Each structure stands twice: as structure tokens, then as C-alpha cells.
Amino acid sequence: MAAQATPRQDTAAAPPLPEPLRVPVADSHTHLDMQDGTVEEALAKAASVGVDTVVQVGCDLAGSRWAAETAAAHENVHATVALHPNEAPRIVHGDPDGWSRQGARQPGGLAALDAALEEIAGLAALPQVRGVGETGLDYFRTGPEGVEAQTYSFRRHIEIAKRHDKALVIHDREAHADVLRVLEEEGAPRTVVFHCYSGDERMAKICAEAGYYMSFAGNITFKSAQPLRDALTVAPLDLLLVETDAPFLTPAPYRGRPNAPYLIPITLRAMAAVKGVEEDELAAAVAANTARAFGYAP
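Residues numbered from 1 in each chain as written. Predicted model: local features only at pLDDT ≥ 70, side-chain atom pairs only at ≥ 80, totals over all residues. Heavy atoms only, no water.

Asker: Please set out the pairing of strand 5 (residues 167-173) residue by residue, giving values where relevant.
Answerer: Two faces, one strand: in a regular strand the side chains alternate between the faces of the sheet. Of all seven residues making up strand 5, six are buried, and the element is well covered by its neighbours. As judged from the six bridges shared by strand 4 (residues 129-138) and strand 5, these two strands associate in the parallel manner. If you follow Asp 138 over to strand 5, its bridge partner there is Arg 173. Considered for its hand, the β-α-β crossover made up of strand 4, helix 5 (residues 147-164) and strand 5 is right-handed. Where strand 5 lies against strand 6 (residues 192-194), three bridges are found, and the strand directions are parallel. The residue bridging Ile 170 from the neighbouring strand is Phe 194, located in strand 6. (Buried < 20%, exposed > 50% of the residue type's maximum accessible area, 1.4 Å probe, protein only. Helix = DSSP H or I, 4+ residues; strand = E, 2+ residues; numbered from the N terminus. Pairing = 2+ DSSP bridges. Right-handed = clockwise from strand over helix to strand, strands pointing away.)

What follows is the structure, encoded as C-alpha cells:
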């Protein structure tokens, strides 16, 4: 009798609902505008497993406008607004291949970037907008030709966050030293959140000393992510957040399938195991930390 083949995982299928959390938490960084289904469906599914709040993050002008509008319409959604680090060079130098959601674009120069940043500043003043981000530096997708535009944009976002006293949400990819340097040079806002924390144990100690929040995502569960787990072990409990970055970074064992806020319990439980704390203790800390970082009532 021939052996039966093991069924292959359907990479397009949504993972099943995890066991609900006993202590509700927030997804500190998600992109509902990039996920399937309606906002209402996503929020209901998340709430059913104990994820009662989400922070909807803007990456460009259109996404930032949408984030602000969505947060205004839903009590348990808070917005952040920004130009992603990879968006700034596309505005300045153009995007002939149309890699971003805006499609192909001609170079706009610094004037176009300044105009976009002014709109971000206007959105950041809205009460439902709780943060400025994701901003920062990304040396993975943008080469040396884009560093100047990225750095200029990052510095401007820092100023906007300080002007409106909003949390600064940082995207840091293969740029740890420069991100920390620019923060020091500009003077960090009162609240800084390292989204999808990607540094090592040494950097976690630097962030802890500075009082920066560190938000961990589903990649903490990846086999190759021991440096992240090492960083988590030294990160103080009162500076920890949890996020999906959905639809990206789906935690194991569902890596490669669509991520969404309802999968937060998987990542939080993995974090609790690494930290050696009870699930409920970590959930309570994360819920309080997220509310404090983004300035909403827990």
C-alpha cells in the first residue's frame, strides 16, 4: 500500500483562532489596510481572542489619511501617521518600477518630500492620531542613494513627534547605529517605540537605559531569531509591547500565511516563555505599556 503524502499547508489560508488570552492586550502595530476583509471583521476576530485594541500604522500619505479616518470611526483603533523610510527616497528620486502602492512616480525632489511631510504634520495634530511613524532608516531595501532622503525624513518626523508630543514609532532595519545616532543628535521625543524590534541584546540594554519601548513581533518565534530572544530576556517588562506588523511576520507554526491581529496570543505566549513570566503577567504589563506609550485610556 502506497504511503499517503503529507498534506501541504495552504499558504493562502488564514491560520486558525488561537486560544483566547485571559488578560486583553493591544496589537501595537498593524496594517489593516493591507489585510483581507473589513476593519469590523478584523476587530471582531481579534476581540474574540482577547486583542481589544489595535494601533493602525501609516506608511505613506494615502495610508496615513486612511489610518486617521479609521481611528476616528472606531473607538478601539488608534492611528499613527508617517512616510515609511523607503517611501522618502521614492518621493525624492521617483519610483519608475511602481514598487509602492502609488504605482510609477516621477522624481519630485526635496520640495515634494517637504510637502508630504507637512501633510503628515497636519495629520499628527489630530486627537485620534497617537503616534508619528513608522519612520526611521532601512538599509535593506534602500541603497546608499536613498540614505540622504531617509535621514532627512527621519529627522523631520522626530521634530513632528516632539511638536505634537506624540509617540515616535521607529522602523529600523539594518541601521541600528545610525538610528540611535540620529535620535541622540536630534533629541528623542518623550516616547519612542522601536517597532518590530530587530536589535541584539546589547542594543536592548541601550534602549532600556534610554527608556525606549521595544515592540516584538511574530519573528520572535522563528528558529533563526535567537538574537531577538536574547534581547527580549534583558528588555524590562515595563518597556515591552507586542505587535503583528500584519499582514507580515506571521508567527510559527504559520509562517508564510497571512498575519492579522487575532494571532497576537501566539506571539505573546512565546514572549512569556522566553522571559520566564506567566502569560497573564506579561499580558497585563503589555496592555498597560501600550496604553501609556500611545496615550489612551487602558
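That shown, we press on.
Asker: Kindly report on the state of the cysteines, identifying the contributing residues and their values.
Answerer: One way to say it: the disulfide is the covalent bond shared by the sulfur atoms of two cysteines. Going through the model one piece at a time under the given rule, you end up with zero disulfides. This cysteine, Cys 207, is not joined by any disulfide, and Cys 196 carries the nearest cysteine sulfur, 13 Å off. Residue Cys 207 is classed as buried on the basis of its relative accessible area, which comes to 0%. (Disulfide = S-S within 2.5 Å.)

Asker: Please provide a residue-by-residue account of the sheet that holds strand 2 (residues 51-57), values included.
Answerer: If you walk across this open sheet you meet the eight strands as 1-2-3-4-5-6-7-8, and the pairing is parallel. Looking at strand neighbours, the two that pair on one side only are strand 1 (25-30) and strand 8 (240-242), the edges of this open sheet. Taken pair by pair, the neighbouring strands of this sheet meet at an average axis angle of 30 degrees, ignoring direction. Here strand 3 (residues 77-81) pairs with strand 4 via three bridges, running parallel. Considered in strand 4, the bridge of Val 81 is made with Val 132. On top of the sheet, helix 9 (residues 264-275) reaches strand 1, strand 2, strand 7 (213-216) and strand 8; it is set at about 150 degrees to strand 8, its chief contact. (Axes fitted to C-alpha atoms, helices over the stretch in contact; angles between N-to-C directions. Contact = heavy atoms within 4.5 Å.)

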